[in-house]
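Structural description and commentary
Letter by letter, the chains look like this.
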Amino acid sequence: MKGKKITPIYSQYEINTILFYGMMILFLPLVLVFTYIFDVDSYLDINKFILWTVIVNFTISLIGTVVLLLRKDHLKRVVKANYRNEFFFLGLISIFGILGVVVFYDYMGGNRDYIANILVLIFAVLLFTLIFLGRKFFKFDYMKKK
């Protein structure tokens, strides 16, 4: 057993916590993608809409945190060998989150000449984060040779 690295096994609670807070961090950008697709900014004041979306996001975060804490004991007992589907879900959320950050930048009056730079920067940060989370928590290392 010498030299063999033992990787810890994470429960459904840790995975659900990562997914929930990932969703809550990217909630505003996700909503803004759909407002941009359906041209909601022409009907509503986008600044007020963003304010109310942040308030709803904060409320959902509080409620979700309480629910996670109430179900902690049950979710700690649920363990899977890998969490591939959950990792793909987090990746999908991240893709739309990248687009949403660019939409948010555009709504706030940012210079459109820098959108490509912002996309590359946010993509690099999210890719690094996904690779780290995939290796450590989701037991999914798509960069590793078999």
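Below: a short report on this structure. (Residues numbered from 1 in each chain as written. Predicted model: local features only at pLDDT ≥ 70, side-chain atom pairs only at ≥ 80, totals over all residues. Heavy atoms only, no water.)

**Considering the overall build of the chain**
Threshold: Under the scheme used here, helices are H or I runs from DSSP no shorter than 4 residues and strands are E runs no shorter than 2 residues, and both carry numbers assigned from the N terminus. Each residue gets one of three labels from its accessible area relative to the maximum for its type: buried under 20%, exposed over 50%, partly exposed in between, using a 1.4 Å probe on protein chains only. Only heavy atoms matter for contacts: two residues are in contact if any of them lie within 4.5 Å across the pair.
If you tally the helices and strands in the chain, you get six helices and zero strands. Going from N to C terminus, the chain has its helices and strands arranged as α-α-α-α-α-α. If you line up the chain on its principal axes, its C-alpha atoms span 60 × 40 × 20 Å. By residue count, 36% of the 146 residues in the chain fall in the buried class. Long-range contacts, defined here as pairs at least 24 residues apart, represent 81% of the contacts in the chain between residues at least 6 apart.

**Details of the packing of aromatic side chains**
Definition in use: For Phe, Tyr and Trp, where Trp contributes only its six-membered ring, two rings pair if their centres lie within 6.5 Å, and the inter-plane angle classes them as stacked under 30 degrees, edge-to-face over 60, or tilted in between. Criterion for a charge above a ring: Lys NZ or Arg CZ within 6 Å of the ring centre, and within 35 degrees of the ring normal.
Scanning the entire structure with this criterion turns up six aromatic pairs. Ring geometry for phenylalanine 34 against phenylalanine 96: centres 6.4 Å apart, planes inclined by 20°, an arrangement best described as stacked. In this pair, phenylalanine 34 is assigned in helix 2 (residues 27-37) and phenylalanine 96 in helix 5 (residues 84-107), connecting sequence segments 62 residues apart. Residue phenylalanine 96 is classed as partly exposed on the basis of its relative accessible area, which comes to 31%. Clustering of aromatic rings is evident, with ring pairs tying together Phe87, Phe88 and Phe138. Above the plane of the ring of phenylalanine 137 lies lysine 136, whose end atom (NZ or CZ) is 5.7 Å from the centre.

**Quick look at the pattern of salt bridges**
Here is the rule: Definition used for salt bridges: Asp or Glu carboxyl oxygen within 4 Å of a side-chain nitrogen of Lys or Arg.
Following the criterion strictly, the structure yields three salt bridges and no others. Glutamate 14 is the salt-bridge partner of lysine 76, the closest N and O atoms lying 2.9 Å from each other. Of this pair, lysine 76 sits in helix 4 (residues 72-76) while glutamate 14 sits in helix 1 (residues 12-25), placing them 62 residues apart in sequence. For lysine 76, a relative accessible area of 37% translates into the label partly exposed. According to the relative accessible area criterion, glutamate 14 is partly exposed, its value standing at 21%. Measuring nitrogen to oxygen at the nearest pair gives 2.8 Å for the salt bridge that ties aspartate 106 to arginine 112. Exposure remark for aspartate 106: the relative accessible area of 17% places this residue in the buried category. With a relative accessible area of 54%, arginine 112 lands in the exposed category.

**Details of the packing of helix 2 against helix 3 (residues 46-70)**
The criterion, for reference: Each axis is a line fitted through C-alpha atoms, taken for helices only over the stretch in contact, and angles between the N-to-C directions span 0 to 180 degrees. Small angles under 35 degrees read as roughly parallel and large ones over 145 as roughly antiparallel, with 65 to 115 read as roughly perpendicular and the rest as oblique. Crossings are assigned a handedness: left-handed for a near helix turned anticlockwise from the far helix by less than a right angle, right-handed for a clockwise turn. Nonpolar residues are Ala, Val, Leu, Ile, Met, Phe, Trp, Tyr, Cys and Pro. Charged residues are Asp, Glu, Lys and Arg, and all others, Gly as well, are polar.
Between helix 2 and helix 3, the shortest axis-to-axis distance is 10 Å and the interhelical angle comes to 140°. One way to sum up the angle between helix 2 and helix 3 is to call them oblique. Seen along the crossing, helix 2 lies across helix 3 with a hand that is right-handed. For the pair helix 2 and helix 3, contact is made by Phe27, Leu28, Val31, Leu32 and Thr35 and by Phe49, Ile50, Thr53, Val54, Val56, Asn57 and Ile60, respectively. Its residues placed into classes, the contact of helix 2 with helix 3 shows nine nonpolar, three polar and no charged.

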